[in-house]
Every structure is written in structure tokens, then in C-alpha cells.
Amino acid sequence: MDRRQLLSSGATLALAGPLASRAFAAATDDARFALVILRGGLDGLAAVPPYGEGTYSRLRGPLALGAPGSDGSVLPLDGLFGLHPALANLHRMYGDGQLAIAHAVASPYRERSHFDGQKVLEAGGTSPETSDGGWLNRALAALAEESFGRDAIALADSVPLVLRGPVTVSSWAPSRLPDTDEDTLARVREIYEATDPALAAQLTQALNARGLAGDAGMDGGLRGGGQQLAPLATAAGRFLAAADGPRIAVLESGGWDTHANQGAAAGTLAQRLQQLDNGIASLKTELGPIWERTTVVIVTEFGRTVAANGTRGTDHGTAGVAFVAGGTVAGGRVIADWPGLGERDLYEGRDLMPTLDMRALFKGVLGEQYGLSARALDTLVFPDSSAVAPVDLA
Amino acid sequence: MLTQATAIATNRFGTGAKPGDAERIGNDPAGWLDAQIGPATAQPAAATRPKSADVLSEIRELRLVRQAAQAAQARPGGQQAAVDPAAIREFGQTIAENYQAQASSLYATAIATDAPFRERLSLFWANHFAVSADKQPIGAIAGLYLDEAIRPNVAGNFRDLLRASIQHPAMLLYLDNQTSIGPGSLLGSRANQGNRRVGLNENLAREILELHTLGVDGGYTQDDVIEFSKALTGWSVGGQDDGPAARLGAMAGRLGIAGDTGAPGEFTFRGAVHEPGSKTILGRRFGEDGVDEAEAVLDFLAGREETAHFLATKLARHFVADVPPENLVAKLAETYLDNDGELAPVYRALIRAEHGWREPLAKYKTPQDYLISAFRALDQAPPPNQVVALATQLGQRPMTPGSPAGWPDIADHWTSGDALLKRIEWSTTLGATVGDRIDAVARLDDVLGEVAGTATRNGVRRAESGAQAIALLLAAPEFQRR
């Protein structure tokens, strides 16, 4: 039985027995969601190469990966698409039916600025001007209204746009500074409460997160920092697994803007992909059995040019890939209305043509896993988006 | 006691109040700011700093040594004994040492300066023309770039600031322009005949249009980006016969084309990779003119209304409010255009406008603002070898915005619970080291003055120790904002 069908029928709530209650719980209280934003523009044709396309090797030139079976070759998916060889853990998840890949996907943004691209992706509108906080914060508000509130956490020094808005969220990044004593903290809080409620709310959230982190044994051993995703993914897993922890986490990773010498089976991009792959594997490990109730969505602001540029890299493009992983996902498939790589198939003659709106993936997760109504999704979370139907992910 | 206007002059327009500012500034805070907008004076420390060209040359030598050592190591049965492991390490160490020195120098200058408005303007423009030290070898020269390209031009004409920034090796290397090759250039056409694929890299052209001049809504198209990147081909850095550019050098050698002749680490024009012919950008035709061609494009862009509006918006956002008042933006843009891009009149219009003097706490400090202002308030200097670790811990590793857009200039990016808690923790640590020597109640009047609210005043006065009083002063909401 499909979870959405189950939810949409009031009668199912009356069903006795473990199936109904478990399914209902999965769709409301217990679901976990992690959003991973790859900043800089992941080259979708490098991560998930359509090696079965006749023109693929010629167009990609020095960036092309070999067909399965050759040295440094792609990991096969379905005959047309493969995975970059650095994504071995994701490939295993695909085989286990726990990874779906959306290709030729893009946000509604059609220019080529990182910053506006990320703004549209995170704000959830159709242009960079309409940026009234992030869609995930509005989803938190809608959830609080429709069922009950959930906490969210940003695994970062600052809260990314996607989580900004009226609902207070927490943030956490490893700290080396000694703790402030309780008395001083209480006095600081008193000043904040008297003069600056916004800072007071942030301080409360931070202390709660710090408490959880302490409980989960994260006070030490999570250095690594920098651009390594795995330590943050490990922390995210522990937060999401904690009994009274947040249910939604946002992670970020930079370094995807591969204009020059991005490499093919090995090289700069391969290393970044390897770190992503390790990060997702760490998240799964930390979550343990909770992985079965978890959805992980990995997105980037845009794809890159189909052809390699003059410096063995790729320039800013349009459509790219997104990954949806986790125990909730009906995986082992590539979701794509594949536009092809022929000259006339390309967007403006240079980029992969977008055929799927990225918001359809987000709507799929929020509808299936959290039971958010279509009305909330179409009007509040992603304003004026009723034309964008959710993708069936579960 | 600082008046509200003096507190705004020092904390918002400057890098933070120091004890004694009330007397130094007197009753004309706007005049005090105005007096700082003069021609460039030599920075005291600048004379002793190395030149970026020398640092780049040194790094190039070390990279060659490292490559040779690595090659020897990799050779089967190679001469392991002959390889000096120090030679391999020295390359990375030299970059790291330069980075550490320049990061701590950036902090030391901003903490010690007697011209804090001018200093803030320098840091503002360095962030506008951002390079990021997390890309090699930018880390070794990012602070020198500030000294060489930004500081001398901060109160001059925007055209000169634009040209100096774009032509600096830090910018050219950061945005990959040394690798961009005109497909129809001497080297490009010969190479492409031979079935190699070489061509343009759009990175620098796009970011100049989007981030340095017109702004993302400035009306340019993808075709404009490509045409501009053609005009920029050849703008390069001398001595780039190592690293990623080695391929090009070798190719030029094979094709019998004169390779790189520029002085190592200096701006150079490589005619062999310059795309010939005229280029059309925003409807304006630029005739083939070698190195001068892209300069003409930059001058053209600097004079556009879109550029005036974009720069005015960023200045107003930095100095007044995250959402800047439209009439102020219009005033600054008009001043810019009326004065042909001269920046001093724009700064004067900014400090003479009432907008910046209304809300004393409209801007949230970045971690860098916060740390610098805290050290100024306490008359302390951080140990040079701790600056990077400290700033990183508070969420802003020096000179690494990680993107050519620079660090965000809005509160939403910097306000997070975790970041706030780390500021409080650091305040406590610092309070513990100086709390027995500084009278926090008097210091509150010296650096926040009339801006400090009752709760903060009472908190500091009733603290159980000098250490706690300093911690509360630095943790106070009024100290998080400017």
C-alpha cells in the first residue's frame, strides 16, 4: 500500500494493527529528512554520465569516462546512465533499492550565477528577487500548523537561506572553545531577553543543540572541518538519531565549481565526489535502524556545460542531477525525462535541457514523509507552484 | 561617554571604538570620518611586507622542486635516498606561512589603525573584489593583494580600483584567466588544428559583470559574457610555466610559438592566446586592441548607470542597513555618475546623509568585525599565530569567503545560535585574561556610550567579577551590532 494513499484516506486511521500505526508514524512523527546542498554547481554529467549516449564521449572529450568494464570506468546503472567510479557507496545503495537519481533536473532558475541560483534553490520561488526566507523554514511552519512542529538543525557556522525564516532553527558546528560557566550564561540570557529577543531565541537553541551534542558524544573527535563532509554528516546522523533531537538537518558542501582541470575518473572532482560518497555512507552508519525512516536529498544550484571548456573544466550550465537516498525511497531507478545530448536537444545550445523541476522532488518528500497537504506545498512552501506535481519517491 | 553619533562613527563607519575616542573625535564625528578620505598614505607595516610577485616567484620555484622530488620518488627503484622530504613539504609550508602572516597583519592593521573609516572601506572593497585564500596559490598573496591593488585606490577613481584589482595576479589566478585561450588566437587555432581542444574560460568575465560592475540584473547576456571573455584572453601572470599552465607552455613550445615572457608573478599580456578581432559587449563594439581592449571594456563598464546603482547599493547595505534605503542608493549612484566614478565624493555623500546616523545598531557584525572591534575596545592585540585559528573558530576564516561574491553582508547569514554561543564563549575566555585590569563599567561608556541599554549597563555593573563584566560587555547585544 502506498503511504500517500494510506494518509489520504481518513478511514485508514481506524485500521487496527501494526501496519497502520507504523505506516502512519512513518509519515508523521518519526520521519527524518536531510538536505545536502552542494555549492558551486556539481557537474551532473560527470557524477551520473549518460555513457550510453552516442555523443557522450565526443562531447565530454578529456572529461569522458569509459564504459563499464574498462579502467576507471563508470559504475553501471541502467544501460544509459552510470555513476562516477568515486560514488561506490551510492552505487551500492542504488543496487539495494535505496537510491533514486533525478537527471536533467533544475530549479526554475535559468541564468548562470551561483549566487542567484542558490537563492532560487533555497528560497523555493521562481526568481532570485522573491526571497522571503527559505522553503524548508516555511515547511516547518506549515507542519506546525497542520500537525505538530519539528525541529531542524543546520550543520554549519551560519544558517543557510533554505532554513531561514520565522521558525527558529538551531545550528551546530564543532567547537574548540571552552564552555562558558552557567552563571555567566544566565546573565547573558537575561540581558538578551530584556533587549534582544532574537538573540535570546538563538542562544536557547544553541544551548539545546549543545546539550544534545554532548549527550551524543560529539564534544570531541569531530574535527576534520574544512570541506570534508563526512564529519558533519556523522554529526547530522547523531542529531537525527537522538530521541529528542531534530528531525530535519541541512548540510552544505563547497568546492564544486570546476572551471579548470576537473579531471575524469581521478582528479579534483573525483576527490569531491569521494568525500560526498563517504559523507552519505557516514550518515547512514550513524543513523543505524533509523535510516529506514530517513530521506536524504542531495542537490546543487545548476549543472555545468555539456562540452568541456578550453581549460579541461566546465562552465556554469543549467540542468544537472539530484540524488534521493534513504530507506524510505523506492530506489534503484533514474528518474528522467531524458532530453538527450544532440545539438538541438541542448538548452541554449550548450547546457543539458531541464525537464524536471527540482521543487517536484522536495514536494515529493514533504508530502510523502511528512504528510504536508498539497495546498500547503503549492501555496505556502513553494508559492504559486500548483503546476509542479510532486515526484513519487516512496 | 561616547555620544550616539560618535558611537556610530566609530563602530559602524570604523572598525570599532577605542578608549579615548570620545576626546579624539570631539563633537564633529562626520568631520572625523571625512578627514580620513584623503590620498593614500603608506601603511606603516606595508613597507616591510614582501611583494606578491616575489612570493609567487618563490612558490613557483618551490613547486618545481617539489615536482622534481615527487617524480624522483615515483620512479621505480628510484633514488629514494636523494629525495629531500623537506623539499616536498616546503611548498605547502611557504604558502601556509605567508597566509598566516598576512591574516594576522590584516587583523593587526584594522585593530591598530587611526583611520578606521578608511580601513573599513579597504576591507569593503577587498570583499567586493573578493579572492579566496582557500584556492592555491591565492592563500600566499591574498593579503598582499589588499595592500597592492585595493589600499592605494580606495579613495581614488573606481576605474583605477577596478583595473588594479582585475589585473592583479591574485584575481587572474583566482578566476582562472591565465588558462583561457582564444580559439582563434595564434596558439588556439594552431592547437585546435592538431585536434586538441583549447578555448575560453568564462569565469573572470562573468564575475566582473555580475559581481564587480553591472550586478546580476545589469542587463548583460550569455553572449556578452563570451565576448568579454574573448577580450580578456591574454591577461595573464608571468612565470606561469608551472602548475596548470605547464600544458600551455609545453604546447606553445611544440608549436614554435613564443611562450610566456612576462616577469614572474607580475601581470603580463600574452598576445599568443588573445582572441583577435573586434568584440561587442552590451551593444558597444570594441575594436581589436591587444592588452588595451579589455581595459577599454572595464572603463566602459565602470561608467555604466547599472554599475553606479550596484556599487551604491552595496555601499549603502554595508554602512546603513541590510535593506538599504532607496533614496540613499539613488543619491550615491547619482554622486558617482556626476563625479565620473570618483569615490571620495560618494563617501562624503554617504557620511553627510542622515540615513547612516539614525539606527545605531542596524548592522550585525561579521565575526571579523566582532573580533577586531573587541580587541580595539580592550586595547589588546591577538597573538599573531592565533588569529587564523580564532577567526576560524568564530566562523570566518580570514580571507576565505569561498566564492568570488565575497562574504555576505546581511545579518541573516551571520546570526546563528551556534555562532553566537561561540562569541559568548570567547568573550568569557578573553574576560578571564584581562578582567582584573580593565574597569568594564568605564569601558562600556568608552566604547558603547549612549548606545548601551539599561539591561547591558546593569548586567556589567552587577557582574560578580571583572572577568565576568568584560564577558558581558563583549557578549551584549549592543556589541554584536554596529
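Residues numbered from 1 in each chain as written. Chains lettered and ligands numbered in written order. Predicted model: local features only at pLDDT ≥ 70, side-chain atom pairs only at ≥ 80, totals over all residues. Heavy atoms only, no water.

1. Digging into the overall build of chain A
Next, step 1: Helix and strand counts for chain A come out as 13 helices and 11 strands.
Next, step 2: Taking all 394 residues of chain A together, 59% fall into the buried category.
Next, step 3: Considering only intrachain contacts with a sequence separation of at least 6, the fraction spanning at least 24 residues in chain A is 72%. (Helix = DSSP H or I, 4+ residues; strand = E, 2+ residues; numbered from the N terminus. Buried < 20%, exposed > 50% of the residue type's maximum accessible area, 1.4 Å probe, protein only. Contact = heavy atoms within 4.5 Å.)

2. A short note on the overall build of chain B
Next, step 1: Across its full length, chain B carries 25 helices and four strands.
Next, step 2: By the compact-globule yardstick of 23 Å for 482 residues, chain B fits well, its C-alpha radius of gyration being 25 Å.
Next, step 3: Counting only C-alpha atoms, chain B reaches 80 × 65 × 40 Å along its principal axes.
Next, step 4: Buried residues in chain B amount to 62% of all 482 residues.
Next, step 5: One finds the centroid of the 47 positive side-chain charges in chain B at a distance of 3 Å from the centroid of its 58 negative side-chain charges. (Rg over C-alpha atoms; globule rule 2.2 N^0.38 Å. Lys, Arg positive; Asp, Glu negative; His and termini not counted. Charge placed at Lys NZ, Arg CZ, Asp CG, Glu CD.)

3. A short note on the pattern of salt bridges
It is possible for side chains of opposite charge to pair when their charged atoms get near one another.
Next, step 1: One pass over the structure, following the stated rule, counts 45 salt bridges over all chains.
Next, step 2: Between Arg359 of chain A and Asp357 of chain A there is a salt bridge; the shortest N-O distance is 2.7 Å.
Next, step 3: One salt bridge connects Glu202 of chain B with Arg206 of chain B, and the closest N-O pair in it is separated by 3.0 Å.
Next, step 4: Assessed through its relative accessible area of 7%, Glu202 of chain B is described here as buried.
Next, step 5: Assessed through its relative accessible area of 5%, Arg206 of chain B is described here as buried.
Next, step 6: Within the structure, one salt-bridge network assembled from shared partners comprises Arg112, Glu348, Arg350 and Asp351 of chain A together with Glu202 and Arg206 of chain B. (Salt bridge = Lys/Arg side-chain N within 4 Å of Asp/Glu carboxyl O.)

4. Remarks on the confidence of the model for chain A
Any region with low pLDDT has predicted coordinates that should not be read closely.
Residues and elements named next belong to chain A.
Next, step 1: When the pLDDT values of chain A are averaged, the result is 87; 89% of them are 70 or greater.
Next, step 2: When the criterion is pLDDT under 50, residues 1-28 qualifies, and its contacts beyond four places in sequence or with other chains add up to 28 contacts.
Next, step 3: Predicted confidence is poor over residues 220-226, with pLDDT under 50, and the contacts of this stretch with residues over four places away or in other chains come to 12 contacts. (pLDDT = per-residue confidence, 0-100.)

5. Remarks on the domain arrangement of chain B
Residues and elements named next belong to chain B.
Next, step 1: According to the domain assignment, chain B consists of domain 1 (4-25 + 362-475), domain 2 (174-302) and domain 3 (308-358).
Next, step 2: Using only C-alpha atoms to locate each centre, domain 1 and domain 3 end up separated by 26 Å.
Next, step 3: Between domain 1 and domain 3, the contact holds 11 residues from the first and 12 residues from the second.
Next, step 4: Both faces considered, domain 1 and domain 3 share a buried interface measuring about 1,000 Å² in area, 55% of it formed by carbon and sulfur atoms.
Next, step 5: Together, Arg12, Phe13 and Lys363 form the three largest contributors to the area buried by domain 1 at its contact with domain 3, with a combined 50%.
Next, step 6: Between the two partners, domain 1 and domain 3, sit one salt bridge. (Domains from an automatic or database assignment. Buried area = accessible area lost by both parts, 1.4 Å probe.)

6. Here we look at the environment of Ile438 of chain B
Next, step 1: Residue position: Ile438 of chain B is located in the loop between helix H21 (417-434) and helix H22 (440-447).
Next, step 2: Of the residues examined, Ile438 of chain B reaches a relative accessible area of 11% and is grouped as buried.

7. Considering the interface of chain B and chain A
By convention, interface size is frequently given as the accessible area that disappears when the constituent parts associate.
Next, step 1: In this complex, chain B contributes 57 residues to the contact, which on the side of chain A involves 51 residues.
Next, step 2: Both faces considered, chain B and chain A share a buried interface measuring about 4,400 Å² in area, 52% of it formed by carbon and sulfur atoms.
Next, step 3: Remark: the boundary between chain B and chain A carries four salt bridges.
Next, step 4: When the shortest N-O distance is used, the salt bridge between Glu425 of chain B and Arg210 of chain A registers 2.6 Å.
Next, step 5: The interface formed by chain B and chain A includes 19 residue pairs in polar contact (both at pLDDT 80 or more).
Next, step 6: Elements with a minimum of two residues in the side of chain B that touches chain A: helix H11 (203-212), helix H12 (222-232), helix H20 (411-414), H21, helix H23 (454-461), helix H24 (466-475) and helix H25 (477-480) of chain B.
Next, step 7: With 11 residues, the top contributor of residues to the side of chain B that touches chain A is H21 of chain B. (Polar contact = N/O pair within 3.5 Å; in protein donor to acceptor, adjacent residues only side chain to side chain.)

8. Some details on unusual backbone geometry
Next, step 1: A cis amide bond links Gln136 of chain B to the next residue, Pro137 of chain B, at an omega of 0°.
Next, step 2: Position of Pro137 of chain B relative to the elements: it lies in the loop between helix H6 (116-128) and helix H7 (142-150).
Next, step 3: Phi at Glu348 of chain A takes a positive value of approximately 50°, unusual for a residue other than glycine.
Next, step 4: Looking at Glu348 of chain A, the relative accessible area reads 49%, which means it is partly exposed.
Next, step 5: Phi at Asp340 of chain B is positive, roughly 55°, even though this residue is not glycine.
Next, step 6: Topologically, Asp340 of chain B is positioned in the loop between helix H16 (326-338) and helix H17 (343-352).

9. Remarks on the layout of surface pockets
Next, step 1: The volume enclosed by the second largest pocket comes to roughly 540 Å³.
Next, step 2: Contributing to the lining of the second largest pocket are 24 residues, with Ala307, Ala308, Asn309 and Arg350 of chain A together with Arg197 of chain B lying nearest its centre.
Next, step 3: For the lining of the second largest pocket, the secondary structure elements donating two or more residues are helix H4 (56-60) of chain A together with H12 of chain B.
Next, step 4: Residue composition of the lining of the second largest pocket, grouped by class: 10 nonpolar, seven polar and seven charged. (1 Å grid on protein atoms, 1.4 Å probe; cavity = no way out; pocket = protein on both sides within 12 Å on 5 of 7 lines; lining within 4 Å. Points joined across faces, edges and corners; volume = space filled by probe spheres on them. Nonpolar A, V, L, I, M, F, W, Y, C, P; charged D, E, K, R; others polar.)

10. Quick word on the side chain of Glu202 of chain B
Next, step 1: With respect to the element layout, Glu202 of chain B can be found in the loop between helix H10 (186-193) and H11.
Next, step 2: Side-chain polar atoms of Glu202 of chain B contact the side chain of Arg350 of chain A, separated by 2.8 Å.
Next, step 3: Separated by 3.2 Å, the side chains of Glu202 of chain B and Gln222 of chain B make a polar contact.
Next, step 4: If we skip the residues at most four places from it in the chain, Glu202 of chain B touches Asp315 and Arg350 of chain A together with Gln222, Val225, Ile226 and Ser229 of chain B.

11. Digging into the side chain of Arg39 of chain A
Next, step 1: Looking at the secondary structure, you find Arg39 of chain A in the loop between strand S1 (32-38) and helix H3 (44-47).
Next, step 2: Looking at Arg39 of chain A, its side chain comes within polar contact range of the side chain of Glu122 of chain A, at 2.8 Å.

12. Some remarks on the nonpolar core
Next, step 1: Counting 145 residues, the largest nonpolar core has Trp125, Phe129, Phe158, Phe228 and Trp426 of chain B as its most contacted members.
Next, step 2: Here the element with the most residues in this core is helix H5 (residues 85-112) of chain B; it accounts for eight residues.
Next, step 3: Each residue touching Trp125 of chain B, except ones within four places of it in the same chain, is listed here: Ile150, Val154, Phe158, Leu161, Leu311, Leu315, Leu343 and Tyr347 of chain B.
Next, step 4: Counting residues in each nonpolar core, the second largest holds 63 residues, with Leu45, Leu155, Trp291 and Leu341 of chain A among its members. (Core = buried A, V, L, I, M, F, W, Y, C linked by side-chain atoms within 4.5 Å.)

13. Some words on the environment of Val388 of chain B
Residue and element names in this part refer to chain B.
Next, step 1: One can find Val388 in helix H19 (residues 387-393).
Next, step 2: Val388 sits in the buried class, given a relative accessible area of 4%.
Next, step 3: The sequence separation of Val388 and Gln102 amounts to 286 residues, and the corresponding C-alpha distance is 9.9 Å.
Next, step 4: The contacts of Val388, once residues within four sequence positions are left out, are Tyr99, Gln100, Ala103, Arg397 and Pro398.

14. So, the packing of aromatic side chains
Residue and element names in this part refer to chain B.
Next, step 1: Throughout the structure, instances matching the rule amount to 22 aromatic pairs over all chains.
Next, step 2: Ring centres 5.9 Å apart and planes at 80° place the aromatic pair Phe13 and Phe117 in the edge-to-face group. Linking Phe13 in the loop between helix H1 (4-11) and helix H2 (21-25) with Phe117 in helix H6, this pair joins segments that are 104 residues apart in sequence. As far as the burial class goes, Phe13 and Phe117 line up, both buried.
Next, step 3: Measuring from ring centre to ring centre gives 5.7 Å for Trp125 and Phe158, while their planes differ by 45°; the resulting arrangement is tilted. Of this pair, Trp125 sits in helix H6 while Phe158 sits in helix H8 (residues 158-167), and the two are 33 residues apart along the sequence.
Next, step 4: On the basis of relative accessible area, Trp125 is assigned to the buried category, the value being 0%. (Phe/Tyr/Trp six-rings, centres within 6.5 Å; stacked < 30°, edge-to-face > 60°.)

15. Thoughts on the pairing of strand S7 (residues 248-253) of chain A
All names here are of chain A.
Next, step 1: Counting buried positions along S7 yields five of six residues, so the element is predominantly enclosed.
Next, step 2: In the sheet, S1 pairs with S7 via six bridges, with the strands oriented parallel. Opposite Phe33, over in S7, you have Ile248 as the bridge partner.
Next, step 3: Relative to S7, strand S5 (residues 152-154) runs parallel, the two being bridged by three bridges. Among the inter-strand pairings, Ile153 is bridged to a residue of S7, identified as Ala249. (Pairing = 2+ DSSP bridges.)

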